[in-house]
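# Fold and contact review
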Amino acid sequence: MKPTTTPPKTYRVKSFGCQMNVYDGERMAEMLDAQGITPAPEGEDADLVVLNTCHIREKAAEKIYSDIGRLTKGKTQTKPPMIAVAGCVAQAEGEEIMKRSPAVSMVVGPQAYHRLPEMLDRAVQGERATDTDMPAIAKFAALPERRRIGPTAFLTVQEGCDKFCTYCVVPYTRGAEISRPYSDLVTEARKLVEAGAKEITLLGQNVSAWSGENARGHTVGLAGLIRDIAAIDGLARIRYTTSHPADMDDELIAAHGDTPKLMPFLHLPVQAGSDRVLKAMNRSHSVASYLELLDRFRAARPDLALSGDFIVGFPGETEEDFLETMNLVNQIGFDTSFSFVYSARPGTPAAELPDDTPESLKKERLQILVAHDRARGNGPDYLPQLQQEILAVIRKYAAIGEDDVNVQLEQQGTTSVLELNITLPDSK
């Protein structure tokens, strides 16, 4: 007979990664609320902990095992909490998590978390349950009505991705692209506004791929959905993220010019400024097509703020490739950007590519890219000097065996100084 346990009275959901995970975490919390389980007060231990994971960053799985260890050791409560692992690491490594971590009672993927209450019932009866099924759209119909609403709210409109960029795990952990029905989304948006939301962010792994049939029986894309949600009285602002350049159509571009509630902001990942690297990444755009797309957006909305993503050190990236990325950053003038060193994700095509670029050089390039982003405002002519000066300092100190390098970037015409502290890896 399997040992039973006391049903949890309190819970805590810890979400990692993207806005989609934040949304999923909120929905899981609402399901637990509906079961009569209450959030654990801040600073107090919870009877049930849900680790809502992200698989994008390096060593994501190992970080989860560290969290599990902290939850099960050295606790002041009489027994460790019940632990559920959800999200993309759960989807990718569900069985392995169960093997490595006996303390985990439940593993549930991002497309199956609507079954969390059933899994919890089984866990209370002493069973360990794994559910990484990927039903197309069923979870949204099974979720309770939204309860946790403030002045801003997330609304998932689309999930999955069919682009299969060679570095990305999303098609394997989130599945194929699916669009939630138009009527469900407009209804949910209206309820969010009635409950007090003033700003709604439409979410999707590739949100610009959303399509559906509107109330008039016409097939519309994301722009049509945005315009109809904008018609809801009381809603002040609409945003959307994240997009792929391949799915940005004329209607969406036009919506930035003719829909006042759509904020003048666009997050559009480019990933690299080298066509050779973009091809190796299986990105369907080129540098030229990306720039042409931005010109069209800026023509529609001249005050548009732009954000981008960059991967530094993709397998085979040369110094010339990296400088092309720096030139693109300088040419576009992003208002903000998110840059990361490439890390191989198991099971992706890029993980099989030869990669002879030293990790230290990848991190060096990232520091240069980040430094330029922070020091932006020096003007286009300053970029080559910035690149070469930082590289020269780093290489000089690396050659004489120094471990720590301090680079100070003084912005011309100001008293502002950006300090860049770099710890060089041990090469011995």
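Fair warning: this is a prediction, and the values are worked out from it, not measured in the lab.

How each quantity is defined
- All residue numbers refer to position in the chain's written sequence, counted from 1.
- Where local features are concerned, this predicted model is filtered to residues with pLDDT of at least 70; where side-chain atom pairs are given and counted, the filter is 80 or more; whole-chain, interface and lining totals use all residues.
- Excluding hydrogens and water, the side-chain figures rest on all heavy atoms present in the structure.
- Runs of E in the DSSP output that reach at least two residues are strands. Runs of H or I that reach at least four are helices, and both are numbered from the N terminus.
- Residues are treated as being in contact if the distance between any of their heavy atoms lies within 4.5 Å.
- Here the Shrake-Rupley method, with its probe set to 1.4 Å, supplies the accessible areas, and only the displayed protein chains count as covering residues.
- Pairing between strands is defined by DSSP: at least two bridges between them are needed.
- Here an angle of 0 to 180 degrees is reported between the N-to-C directions of two axes, which are lines fitted to C-alpha atoms, with helices fitted over the stretch in contact.
- Whether a residue is buried, partly exposed or exposed follows from its accessible area with a 1.4 Å probe, protein chains only, as a fraction of its type maximum: under 20%, in between, or over 50%, in that order.
- Classification remark: right-handed applies to a crossover when, strands pointing away from the viewer, the course from the first strand over the helix to the second runs clockwise.
- For this analysis, a salt bridge means a side-chain nitrogen from Lys or Arg found within 4 Å of a carboxyl oxygen belonging to Asp or Glu.
- Polar contacts, as used here, are pairs of N or O atoms within 3.5 Å; protein pairs need one atom able to donate a hydrogen and one able to accept it. Residues neighboring in sequence count only if both atoms are side-chain atoms.
- Note on scores: pLDDT gives the predictor's confidence for each residue, bounded by 0 and 100.
- A pair of cysteine sulfur atoms is labelled a disulfide when the two atoms are within 2.5 Å.
- To form a nonpolar core, buried Ala, Val, Leu, Ile, Met, Phe, Trp, Tyr and Cys residues must be joined to one another through side-chain atoms within 4.5 Å.

## A look at the overall build of the protein
- When helices and strands are tallied, the protein shows 14 helices and 18 strands.
- Looking at the protein alone, contacts between residues at least 24 apart form 72% of all its contacts between residues at least 6 apart.
- Surface exposure of the protein reaches about 19,800 Å², of which carbon and sulfur atoms provide 50%.

## Considering the sheet that holds strand β2 (residues 38-39)
- Pairing within the open sheet is parallel, and its six strands lie in the order β2-β1-β3-β4-β5-β6. Every interior strand has two partners, whereas the edge strands, β2 and β6 (129-131), have only one.
- As judged from the two bridges shared by strand β1 (residues 10-15) and β2, these two strands associate in the parallel manner. Within β2, the residue paired with T10 across the bridge is T38.
- Contacts between helix α4 (residues 116-124) and the sheet are confined to β3 (48-53), β4 (82-87), β5 (104-108) and β6, with β5 contributing the most and set at about 160° to the helix.

## What to know about the pairing of β4
- Most of β4 is tucked away, with six of its six residues classed as buried.
- Inspection of the sheet shows β3 paired to β4 by six bridges, in the parallel sense. Bridge pairing in β4 links L48 to M82.
- Relative to β5, β4 runs parallel, the two sharing four bridges. Bridge pairing in β5 places A84 opposite M106.
- What joins β4 to β5 is helix α3 (residues 88-100), and the crossover it makes is right-handed.

## Notes on the pattern of salt bridges
- Within this structure, the stated rule accounts for 25 salt bridges.
- Here R296 and E292 are joined by a salt bridge, their closest N and O atoms 3.9 Å apart. Placement of both R296 and E292 in helix α11 (residues 287-300) is noted, with a separation of four residues, approximately one turn of the helix.
- Note on R296: relative accessible area 28%, which makes it partly exposed.
- With its nearest N and O atoms 2.7 Å apart, the salt bridge here joins R301 to D303.
- With relative accessibility at 47%, the residue D303 sits in the partly exposed group.
- A cluster of three or more residues bridged by salt bridges with shared partners is formed by R27, E30, R180 and E188.

## Quick notes on the environment of Y11
- Tracing the backbone through its elements, the reader meets Y11 in strand β1.
- Residue Y11 is classed as buried on the basis of its relative accessible area, which comes to 3%.
- Separated by 26 residues in sequence, Y11 and I37 place their C-alpha atoms 6.7 Å apart.
- At 2.8 Å, the side chain of Y11 and the side chain of D33 are in polar contact.

## Considerations on the confidence of the model for the protein
- Here the protein averages 84 in pLDDT, and 83% of its residues register 70 or above.
- Counted against residues more than four places away or in other chains, residues 377-384, with its pLDDT under 50, gives twelve contacts.
- Counted against residues more than four places away or in other chains, residues 408-421, with its pLDDT under 50, gives 34 contacts.

## Things to note about the state of the cysteines
- A full pass over the atoms with the stated rule returns zero disulfides.
- The structure places no disulfide on C161, whose sulfur is separated from the nearest cysteine sulfur, that of C165, by 6.2 Å.
- Of the residues examined, C161 reaches a relative accessible area of 12% and is grouped as buried.
- The structure places no disulfide on C165, whose sulfur is separated from the nearest cysteine sulfur, that of C168, by 6.1 Å.
- With relative accessibility at 7%, the residue C165 sits in the buried group.

## Comments concerning the nonpolar core
- Within the largest apolar cluster, 65 residues are counted, with the highest numbers of intra-cluster contacts made by Y167, L202, L222, L225, Y240 and L266.
- Not counting residues within four places of it along the chain, the set of residues in contact with L266 comprises Y240, M248, L294, F297, L304, A305, L306 and S307.
- Membership of the second largest hydrophobic core comes to 25 residues, among which are L48, V124, A129 and F140.

## A look at the sheet that holds strand β7 (residues 152-156)
- Read across the sheet, three strands follow the order β7-β10-β13 without closing on themselves; strand pairing throughout is parallel. Taken across any chain shown, the strands that pair with only one partner, and hence form the sheet edges, are β7 and β13 (237-241). Between one strand axis and the next, the sheet turns by 25° as a mean value, whatever way the strands run.
- Inspection of the sheet shows β7 paired to strand β10 (residues 199-203) by five bridges, in the parallel sense. If you follow F154 over to β10, its bridge partner there is T201.
- Against the sheet, helix α1 (residues 19-34) contacts β7, β10 and β13, and its axis sits at roughly 95° relative to β7.
- Sitting on the sheet, helix α7 (residues 182-194) touches β7 and β10, and the angle it makes with β7 is about 170°.

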